[in-house]
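# Report on the structure
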Amino acid sequence: MQIGCHVSVSKGLEKAAQTAHELGANTFQVFTKNPRGLKPKKIDLVDAKKGVQFCKEHGISLVCHTPYITNLSTPKDDLQEATIRSILEDLQIAEAYGAIGAVVHCGKHVGEGEEYGIKRMIETLDLILEQYDGPTKLLLENTAGQGSELGLDPETLMNIRNSTKYPEKIGFCFDTCHAFAAGQWDDETFDDFIKRAEETRYLDHLLAIHFNDSKAPFNSRKDRHEKIGQGYIGTDALQKFLQCEKLNHLPFILETPVQKEIEYAEEIELLRNLSNKRDK
Ligand SMILES: [Zn+2]
Ligand SMILES: [Zn+2]
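None of these values were measured; they are calculated from a predicted model.

Attention now moves to the sheet that holds strand β4 (residues 101-105). Pairing is parallel around the closed barrel formed by eight strands, whose spatial order is β1-β2-β3-β4-β5-β6-β7-β10. Strand-to-strand twist of the sheet, defined as the mean angle between neighbouring strand axes without regard to direction, takes the value 30 degrees. Looking at chain direction, strand β1 (residues 3-6) and strand β10 (residues 252-254) are connected through three bridges and run parallel. Bridging from a neighbouring strand, isoleucine 3 pairs with phenylalanine 252 of β10. Packing against the sheet, helix α1 (residues 13-22) makes contact with β2 (27-31) and β3 (61-65), and its axis sits at approximately 145 degrees to β2.

For a metal bound by four donors in a tetrahedral arrangement, the ideal donor-metal-donor angle is 109.5 degrees, while six donors in an octahedral arrangement ideally sit at 90 or 180 degrees. Within the protein, the zinc ion (ligand 1) binds to Glu141 (OE), Asp175 (OD), His210 (ND1) and Glu255 (OE); these donor distances fall in the range 2.1 to 2.3 Å. Its four donor atoms give the zinc ion (ligand 1) angles of 86 to 173 degrees at the centre, a pattern that matches the irregular case. In primary-sequence terms, the residues that donate to the zinc ion (ligand 1) follow E-x33-D-x34-H-x44-E. We classify aspartate 175 as buried; its relative accessible area is 0%.

Within the first shell, the zinc ion (ligand 2) binds the protein through His178 (NE2), Asp223 (OD), Asp223 (OD) and His225 (NE2), at distances of 2.0 to 2.6 Å. Given four donor atoms and angles of 52 to 136 degrees at the metal, the environment of the zinc ion (ligand 2) is assigned as irregular. Each donor residue of the zinc ion (ligand 2) lies on one chain, and together they are spaced H-x44-D-x1-H. Taken as an interatomic distance, the gap from the zinc ion (ligand 2) to the zinc ion (ligand 1) is 4.5 Å. Of this pair, histidine 178 sits in helix α6 (residues 176-181) while histidine 225 sits in strand β9 (residues 225-226), placing them 47 residues apart in sequence. Taking the relative accessible area as the measure of exposure, histidine 178 reaches 3% and is therefore buried.

Another aspect to go through is the pattern of salt bridges. Under the defined criterion, the tally for this structure stands at 10 salt bridges. With a closest N to O distance of 3.0 Å, aspartate 77 and arginine 120 form a salt bridge. Taken together, the residues aspartate 77 in helix α3 (residues 77-96) and arginine 120 in helix α4 (residues 114-129) connect sequence positions 43 residues apart. The exposure class of arginine 120 is buried, given its relative accessible area of 9%. A salt bridge links lysine 240 to aspartate 187, with the shortest nitrogen-to-oxygen separation between them at 2.7 Å. Residue lysine 240 is found in helix α8 (residues 234-243), and its partner aspartate 187 is found in the loop between α6 and α7 (190-199); the two are separated by 53 residues along the sequence. In this structure lysine 240 comes out as partly exposed when scored by relative accessible area, which is 29%.

Calculation rules
- One numbering rule holds for all chains: residues counted from 1, following each sequence as written.
- Going through the entries in the order they are written, you letter the chains from A and number the ligands from 1.
- Only residues with pLDDT of at least 70 are given local features in this predicted model, and only at 80 or more are side-chain atom pairs given and counted; all residues enter the totals for whole chains, interfaces and linings.
- The basis for every side-chain value is the complete set of non-hydrogen atoms in the structure, without hydrogens or water.
- By definition, two strands form a pair when at least two bridges between them are found by DSSP.
- In this text, helices come from DSSP runs of H or I with a minimum length of four residues, and strands from runs of E with a minimum of two, each type numbered from the N-terminal end.
- Lines fitted to the C-alpha atoms define the axes, with helices restricted to the stretch that makes contact. Angles between their N-to-C directions range from 0 to 180 degrees.
- Contacts: residue pairs with any heavy atoms within 4.5 Å of one another.
- With water omitted from the atoms examined, metal sites may look incomplete; donors here are N, O and S atoms no farther than 2.8 Å from the metal, or 3.2 Å in the case of Na, K and Ca.
- Metal sites are grouped by the angles between bound donors: all angles between 85 and 135 degrees with four donors is tetrahedral, opposite donors over 155 degrees apart with the others between 65 and 115 is square planar for four donors and octahedral for six, and any other pattern is irregular.
- A simple rule labels every residue: compare its accessible area, found with a 1.4 Å probe on the protein chains alone, to the largest value its type can have, and call it buried under 20%, exposed over 50%, or partly exposed in between.
- Should a side-chain nitrogen of Lys or Arg be within 4 Å of a carboxyl oxygen of Asp or Glu, the pair is scored as a salt bridge.

Here you go:
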């Protein structure tokens, strides 16, 4: 199975890939640039090449995450323009890094209402994707539904994808913590959720999993990640995920809170054990 975690790319992609490998990961995630800003990043193509080569040699896959402050649904023209520019650049960086895709959070309607927010998000996605023809997919991530966040459920996410002019350029990244906090699944409703994901064909376009426990309760609409087995989702439910045959070909990436990256080594090992044990 592809199991890994988010790692820092501040010392370059090659170093990030080496770190992932040292942690026992065979998949990982990096930010395309400073997650709190939109400042263009000068990418070191020599380093990117070395990183891609290292990943190839070690059988490591990778996903990129775009900054948080973009908003695909923003009603403000200047922020929409900045969002388009930034995400286009993120797609190019992700492509240079050989990533499966660039993860972006769904939009926030910021008081304009859900209908407006979704319409605006589709419009922004079209403006981005008409300018990008590379192999890297834009991966829409489901949200916890905090504040005015859109895109909590497979039905809405598929509707957004199918309403754009370029659905083939869009995939999904599923965050277990967000979906739990959005009331989409828990231990008891796991099977139902998978059924919905299949029926809507969301599952066909799912390319990555953000694997996190939740510090906030079911349906709390709060995005608070927790270490695996230490939160409200719990080990049993998360184990169902790891062992689900419809999901276990996907990269599982931890975004759980750590002081130091080295802590992920233990958690990756825990995931490998949980994915192996067939009975509880
Ligand atoms: Zn996530
Ligand atoms: Zn989150």
